[in-house]
Amino acid sequence: MVGSLSLSPMEENKDLSKLNTFGISAKAAKFVKIESVEEAQDFFANPPKEEILILGGGSNILLKNDFEGVVVYNEIKGIKVESEDSEMVMIRANAGENWHEFVMHCIEKGYAGIENLSLIPGKVGASPMQNIGAYGVEVKEVIESVEAVSTIDGSLRVFSNNECEFDYRSSIFKTRLKGKYFITSVNFRLQKTPSFKTSYGAIQEQLAKMGIAESALTIKAVSDAVIAIRQSKLPDPKEIGNSGSFFKNPIVPTAKYEELKAKHENMPAYPSADGQMKLAAGWLIEQAGWKGFREGDYGVHQKQALVLVNYGNATGEEIYYLSERIIRSVEEKFGVLLEREVNIIS
Ligand code: FAD
Ligand code: EPU
């Protein structure tokens, strides 16, 4: 197998400006497209000496500079039902499938579980990477296993859900094994009878606005509601460059939360799974005065302070510098250290 496949030729000096949703103008010294698991195994059996960057839809990265190594672009397509019974379906999606199109495919087939994750940009392969989440659902709830090729020797490994070490906006692929595995496919366990997750306030409001009664709820209706909320709040990368939430919502000990709550009565916060409290980074950033900030072509979105934006020709360095200033300012005002959610590529 090794050496027997014809990979698309390695490109040099590749323009990445249309391959990252921030719309940052940057180049990759080398660029290769991978279209099958076999190609991935073949390529990584003799890995390049240079640094590699695995690239999906480019919707959760900030390119600080030109990338001097090899960008490995994931284009492995295909969706297949592996098994099913009257209750559930096991469906495999290859990593190069577009995430939202996969969600739409499942909704059309009546497979429930990911409708709350509608309209998240990017590809299926990156979904386990930071355990994508929105509107009360995280993808870890429906992932059965993840298949990936070692970037060190080309061997194929299957990670069970437990082995992925999923956490809020995190997994083993973003921490201990960062850059060590090229995810090739994800196996999802979806349900044929939906259990709707509509407790996130905004969903209920939106469903009411759409005139949908609880008795008439469908996964398509939940998806439509989520799409409408997202379109009203988040900038469309086709119009304004961005990578979604730039920072994670910080998780703080209860004592810290109580100290802040005593001073800021209306501060939003939610219990986190580990018994601590999750604060809203968007609120903290807004209170620190950054919402709608703009300097040159970089800034903070007017409707969502958690989203940093590129109005045209901002550089990766400028956006990064802005994120440093925001971190410092929120720390000074609240004593809370924000952590970036976006992957910084330098
Ligand atoms: P990329 O940006 O290409 O890559 C992200 C990281 O994953 C990089 O470190 C990359 O090296 C690695 N990676 C990518 N593919 C693979 C692979 N096959 N194997 C191994 N590593 C890989 N995220 C949420 O969780 N919830 C949201 O609600 C949400 N909303 C967003 C809204 C907007 C407008 C935007 C622009 C982004 C949003 N995001 C959200 C962030 C982003 O869409 C997700 O993180 C998405 O999963 C990234 O997918 P991607 O293919 O674009 O990944
Ligand atoms: N808020 C403000 N000002 C702002 C933004 C938010 O006060 O400028 C307040 C809101 O009023 C609300 C709270 O902060 O009380 C939370 O806001 P929202 O519901 O909009 O969610 P978020 O915390 O800003 C998170 C995720 C999003 C996800 C939404 C919906 C993180 C880092 N972000 O945003 O994910 O879509 O919830 O579930 O967890 C992403 O990861 O890229 C992303 C967009």
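Residue positions are given per chain, counting from 1 as you read along its sequence in written order. Both sets of labels track the order of writing: A upward for chains, 1 upward for ligands. Only residues with pLDDT of 70 or above have their local features reported here, since the model is predicted, and side-chain atom pairs are shown and tallied only from 80 upward, although totals for entire chains, interfaces and linings are computed over all residues. The side-chain quantities take in all heavy atoms of the structure and omit both hydrogens and water.

A. Region of interest: the site of ligand 2. Near, as used in this document, describes a residue that has one of its heavy atoms within 4 Å of the molecule or strand being considered. In the vicinity of ligand 2, 23 residues are found, and the nearest of them are Tyr135, Tyr168, Glu286, Gln304 and Glu341. Contact between ligand 2 and Ser245: an oxygen atom at 2.9 Å from a main-chain N or O atom of the residue. At 2.7 Å from an oxygen atom of ligand 2 is found a side-chain nitrogen or oxygen belonging to Gln304. Shrake-Rupley sampling with a 1.4 Å probe provides the accessible areas, and residues are treated as covered by the protein chains on show and by no other component. Look at ligand 2: alone it shows 820 Å² of surface, and the protein chains cover 82% of it. Where the shell around ligand 2 is concerned, the elements lending two or more residues are helix H4 (219-233), strand E13 (241-245) and helix H6 (281-287). For helices the rule is a DSSP run of H or I covering at least 4 residues; for strands it is a run of E covering at least 2, with both sets numbered from the N terminus onward. Top element by residues in the shell around ligand 2 is H6. It accounts for three residues. Polar contacts, as counted here, are pairs of nitrogen or oxygen atoms within 3.5 Å of one another; within protein the pair requires one atom able to donate a hydrogen and one able to accept it, and residues that are adjacent in sequence qualify only if both atoms are side-chain atoms.

B. Here's a closer look at the pattern of salt bridges. Salt bridges are defined as contacts in which a side-chain nitrogen from Lys or Arg sits within 4 Å of a carboxyl oxygen from Asp or Glu. A full pass over the atoms with the stated rule returns 20 salt bridges. Two residues, Lys197 and Glu141, come together in a salt bridge whose shortest N-O distance is 3.2 Å. Separated by 56 residues along the polypeptide, Lys197 in the loop between strand E12 (181-191) and helix H3 (201-209) and Glu141 in the loop between strand E9 (137-138) and strand E10 (143-150) bring together distant segments of the chain. When its relative accessible area of 37% is taken as the criterion, Lys197 is described as partly exposed. Here the residues in one salt-bridge network are Lys80, Glu82, Arg92 and Glu147, joined through shared partners. Three exposure classes are used, based on accessible area relative to the maximum for each residue type with a 1.4 Å probe and protein chains only: buried under 20%, partly exposed in between, and exposed over 50%.

C. Layout of the pairing of E10. The element E10 is largely enclosed, with a buried count of seven among its eight residues. The pairing of E10 with E12 spans seven bridges and is antiparallel. If you follow Glu147 over to E12, its bridge partner there is Ser185. Here E10 hands over to strand E11 (residues 156-160) after five residues, with Gly154 in that stretch at a positive phi of 80°. We call two strands paired when DSSP finds no fewer than two bridges between them.

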